[in-house]
Amino acid sequence: MKVFLSVDMEGISGIVDNTYINPDAGVNYQRGRQFMTDDANAVIEAAIEAGATEILVADSHNTMNNILWESLHPKAQLLAGSPRDCSMVHGLDDSFDAALFIGYHTRQGVPGVLSHTMSGVIRNLTINGRLVGEFGFNAIYAGLYHVPVVMVSGDDLVAKEARELVPDIATAVVKKAVSRTAAHCLSRGEATAELKKQTKLALSKAKQIAPVQTAMPLEMGIQFSHTGQAEMAAIVPGSRYETETGTVYYTAHDPHDMYKTMRAMLNLASEAEFF
Ligand SMILES: [Zn+2]
């Protein structure tokens, strides 16, 4: 059984605010890296016990150089660094039997620890009109390769967001959101135990969990925080700018193309200054 782990940072056990996830401003960043590696190792260990023979871990936060490679489980390989065409799910294809999204968070504009979608410029992201966050976007991408997302870990609210798209998904809730930058965290030992328990459950029922059912072409819509960002994103050839809502639409015919276009739009939009 071949397993893909996409590991973000905001939903990792013990992490509650920016000080743990930002290498420049974070007094707790080195601890955050350790927590992230610990969560990944708990999942890898349980996955191997559940029959995984090949495990690829994609570091999926910021510059994607957070996981401590030297401390990662010896049976797992690491995809690190950026840029990567398909960012958080780069390398995920139809050769995988299951994907697990670890340390994930809720989408922009809703409650949850460190909620956001991809970067600060997105107000709303839709696929065929359906609002998605990072979980949804990446789960749809996985679905295009017929790979089921069988587990998510993070706070209680991302677990709920994930179940709305994948009703049978296993959820490892390692903290309860108190506000966007506060959480009631399980202890280290409890979080590790929950991650292992849910990983085993997820992989034991992996064949019963359906991949997200979608097919190309898909229409992606990105509503930006301000119109200057939308105008920059609309430089992308083939896009359509809806001025009334500040949304830029793009119809993708290929999963890679969809992911790369989203990233190109965000990079362009980040060039727009508000003042
Ligand atoms: Zn992140």
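Cut-offs applied
- Residues numbered from 1 in each chain as written.
- Predicted model: local features only at pLDDT ≥ 70, side-chain atom pairs only at ≥ 80, totals over all residues.
- Heavy atoms only, no water.
- Helix = DSSP H or I, 4+ residues; strand = E, 2+ residues; numbered from the N terminus.
- Rg over C-alpha atoms; globule rule 2.2 N^0.38 Å.
- Contact = heavy atoms within 4.5 Å.
- Pairing = 2+ DSSP bridges.
- Axes fitted to C-alpha atoms, helices over the stretch in contact; angles between N-to-C directions.
- Buried < 20%, exposed > 50% of the residue type's maximum accessible area, 1.4 Å probe, protein only.
- Expected span 1.5 Å × (residues − 1).
- Donors = N, O, S within 2.8 Å, 3.2 Å for Na, K, Ca; no water.
- Tetrahedral: all angles 85-135°; square planar, octahedral: opposite > 155°, others 65-115°.
- Salt bridge = Lys/Arg side-chain N within 4 Å of Asp/Glu carboxyl O.

The chain goes by M55 family metallopeptidase in an unreviewed UniProt entry, where it is assigned to Brevibacillus brevis.

Asker: For this particular structure, what's the right way to read the overall build of the chain?
Answerer: The number of helices and strands found in the chain is six helices and 12 strands. Taking 275 residues into account, the globule formula puts the C-alpha radius of gyration at 19 Å, and the chain, at 18 Å, falls close to it. Its C-alpha atoms give the chain principal-axis dimensions of about 50 × 40 × 30 Å. Considering only residue pairs separated by 6 or more positions, the chain has 68% of its internal contacts joining residues 24 or more positions apart.

Asker: Where do I start with the sheet that holds strand β1 (residues 2–7) in this structure?
Answerer: Sheet strands associate in pairs through backbone hydrogen bonding, adopting either a parallel or an antiparallel arrangement. Taking strand neighbours across the sheet as the criterion, the seven strands line up as β3-β2-β1-β4-β7-β8-β9 in an open arrangement whose pairing is mixed. Each edge of the open sheet carries a strand with a single partner, namely β3 (76–79) and β9 (182–185). Adjacent strand axes in the sheet meet at a mean angle of 25°, parallel and antiparallel pairs treated alike. As paired elements, strand β4 (residues 98–104) and strand β7 (residues 149–155) share four bridges and run parallel to each other. Considered in β7, the bridge of Y104 is made with G154. Packed on one face of the sheet, helix α3 (residues 156–165) meets β4, β7 and β8 (170–179) and runs near 150° to β7.

Asker: Please explain the environment of A46 as it appears in this structure.
Answerer: Topologically, A46 is positioned in helix α1 (residues 29–49). Since its relative accessible area comes to 0%, A46 is described here as buried. Residues A46 and T63 lie 17 residues apart in sequence; the distance between their C-alpha atoms is 27 Å. Residues in contact with A46, not counting those within four places in the same chain, are K196, T199 and K200.

Asker: Explain α1 here, please?
Answerer: Note that an α-helix has 3.6 residues per turn; residues three or four places apart therefore point the same way. A rise of 1.5 Å per residue sets the reference length of α1, with its 21 residues, at 30 Å; its end C-alpha atoms lie 30 Å apart and thus fit the reference within 8%. Note on α1: the residue one or two positions beyond its end, G51, has a positive phi of about 115°.

Asker: Where do I start with the coordination of the zinc ion in this structure?
Answerer: Tetrahedral coordination by four donors puts the ideal angle at the metal at 109.5 degrees, and octahedral coordination by six puts it at 90 or 180 degrees. Within the protein, the zinc ion binds to D8 (OD), E10 (OE), E10 (OE) and H61 (ND1); these donor distances fall in the range 2.1 to 2.5 Å. Note that the zinc ion binds four donor atoms; their angles at the metal cover 54 to 137°, and the shape is irregular. Binding-site remark: the zinc ion is held by donors from one chain whose sequence spacing is D-x1-E-x50-H. In this pair, E10 sits in the loop between β1 and α1 while H61 sits in the loop between β2 (54–59) and β3, placing the two residues 51 residues apart along the sequence. You can call H61 buried: its relative accessible area is 7%.

Asker: Help me out: how do you make sense of the sheet that holds strand β6 (residues 130–132) in this one?
Answerer: Read across the sheet, five strands follow the order β6-β5-β10-β12-β11 without closing on themselves; strand pairing throughout is antiparallel. Looking at which strands have only one partner, the edges of the open sheet turn out to be β6 and β11 (240–242). This sheet shows a mean twist of 30° between the axes of neighbouring strands, independent of strand direction. With six bridges joining them, strand β10 (residues 218–224) and strand β12 (residues 247–252) adopt antiparallel strand pairing. Paired with I222 across the bridge in β12 is V248.

Asker: When you look at helix α4 (residues 188–204) in this model, what are you seeing that I'm missing?
Answerer: Taking 1.5 Å per residue as the helical rise, α4 with its 17 residues ought to reach 24 Å, and the 24 Å between its terminal C-alpha atoms agrees with that figure. At its buried positions, α4 is contacted by β1, α1, β4, β7 and β8.

Asker: Help me understand the pattern of salt bridges in this model?
Answerer: Pairing between side chains of opposite charge can happen when the charged atoms of each approach one another. Taken as a whole, this structure holds four salt bridges when the rule is applied. Salt-bridge contacts for E45 lead to K196; the nearest nitrogen and oxygen are separated by 2.8 Å. Remark: K196 occurs in helix α4 and E45 occurs in helix α1; sequence separation between them is 151 residues. Given the relative accessible area of 25%, K196 is considered partly exposed. Of the charged contacts, one joins E49 and K200 as a salt bridge, the two residues approaching to 2.6 Å between their closest N and O atoms. Here E49, found in helix α1, pairs with K200, found in helix α4; they are 151 residues apart in sequence, far enough to count as distant. By relative accessible area, which is 53% here, E49 ends up exposed.

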